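# Chains, contacts and geometry: an overview
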Amino acid sequence: KNGSVHLDMMPRSDLNHLVAAGDKSGRIGFWSVSHDSSTQKNTQVQPHTQYISGLKFCPATGKDLFTCSYDGFCRKLDPSEGSFLEIF
């Protein structure tokens, strides 16, 4: 019912792989994948109130994550602040 509907991987080779997954309730899960399972981490945030209709890491910067939702908002993750900024 609330499964992940969109996935993307951070396009950087200098860090562990970071996967983002958006769900039907507006939540995004982050999974830091490494070869050593003891250093893998995951967390979940809720930047939207409805179904996430798209999410994509910016290939140019390798760190910015853009999201869109049925709640009518587009947001950008500000990694330095750890928060999502409304962009539309």
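Since the structure is predicted, the reported quantities are computational estimates derived from the model, not experimental observations. (Residues numbered from 1 in each chain as written. Predicted model: local features only at pLDDT ≥ 70, side-chain atom pairs only at ≥ 80, totals over all residues. Heavy atoms only, no water.)

The strand order across the open sheet formed by four strands is S1-S2-S3-S4, and the pairing between neighbours is antiparallel. The open sheet is flanked by strand S1 (4-9) and strand S4 (41-45), the only strands paired with a single partner. Across the sheet, the axes of successive neighbouring strands diverge by a mean angle of 20 degrees, strand direction being ignored. As defined by bridge partners, strand S2 (residues 17-23) adjoins strand S3 (residues 28-33) across six bridges and the pair is classed as antiparallel. Pairing of Ala20 across the sheet is with Phe30, part of S3. (Pairing = 2+ DSSP bridges. Helix = DSSP H or I, 4+ residues; strand = E, 2+ residues; numbered from the N terminus. Axes fitted to C-alpha atoms, helices over the stretch in contact; angles between N-to-C directions.)

A few words on the pattern of salt bridges. Per the counting criterion, the structure on display carries two salt bridges. Note that Asp8 and Lys56 form a salt bridge whose closest N and O atoms lie 3.8 Å from each other. Of this pair, Asp8 sits in strand S1 while Lys56 is found in strand S5 (residues 52-57), placing the two residues 48 residues apart along the sequence. For Asp8, a relative accessible area of 15% corresponds to the buried category. (Salt bridge = Lys/Arg side-chain N within 4 Å of Asp/Glu carboxyl O. Buried < 20%, exposed > 50% of the residue type's maximum accessible area, 1.4 Å probe, protein only.)

Size it by volume and the largest pocket reaches roughly 220 Å³. For the largest pocket, the lining is made up of 15 residues, of which Leu18, Phe30, Thr43, Leu77 and Pro79 are closest to its centre. Within the residue set of the lining of the largest pocket, elements represented by two or more residues are S3, S4 and strand S8 (83-86). Sort the elements by how many residues they give to the lining of the largest pocket and S4 lands first, with four residues. A class-by-class count of the residues in the lining of the largest pocket yields eight nonpolar, five polar and two charged. (1 Å grid on protein atoms, 1.4 Å probe; cavity = no way out; pocket = protein on both sides within 12 Å on 5 of 7 lines; lining within 4 Å. Points joined across faces, edges and corners; volume = space filled by probe spheres on them. Nonpolar A, V, L, I, M, F, W, Y, C, P; charged D, E, K, R; others polar.)

Burial of the side chains of S3 is restricted to one face: Ile28, Phe30 and Ser32 are buried, whereas none of Gly29, Trp31 and Val33 on the reverse face is. Here S2 folds back onto S3 in antiparallel fashion, the turn holding four residues, of which Gly26 has a positive phi close to 95 degrees. In this sheet, S4 lies alongside S3 in antiparallel orientation, the contact comprising five bridges. Within S4, the position partnered with Ser32 by the bridge is Lys41.

Next up on the list: the environment of Gly62. You can see Gly62 is positioned in the loop between S5 and strand S6 (65-69). Using a relative accessible area of 3% as the deciding quantity, one classes Gly62 as buried. Along the sequence, Gly62 and Arg12 sit 50 residues apart, while their C-alpha atoms lie 5.6 Å from each other. When near neighbours in sequence (up to four residues on either side) are disregarded, Gly62 contacts Met10, Pro11 and Arg12. (Contact = heavy atoms within 4.5 Å.)

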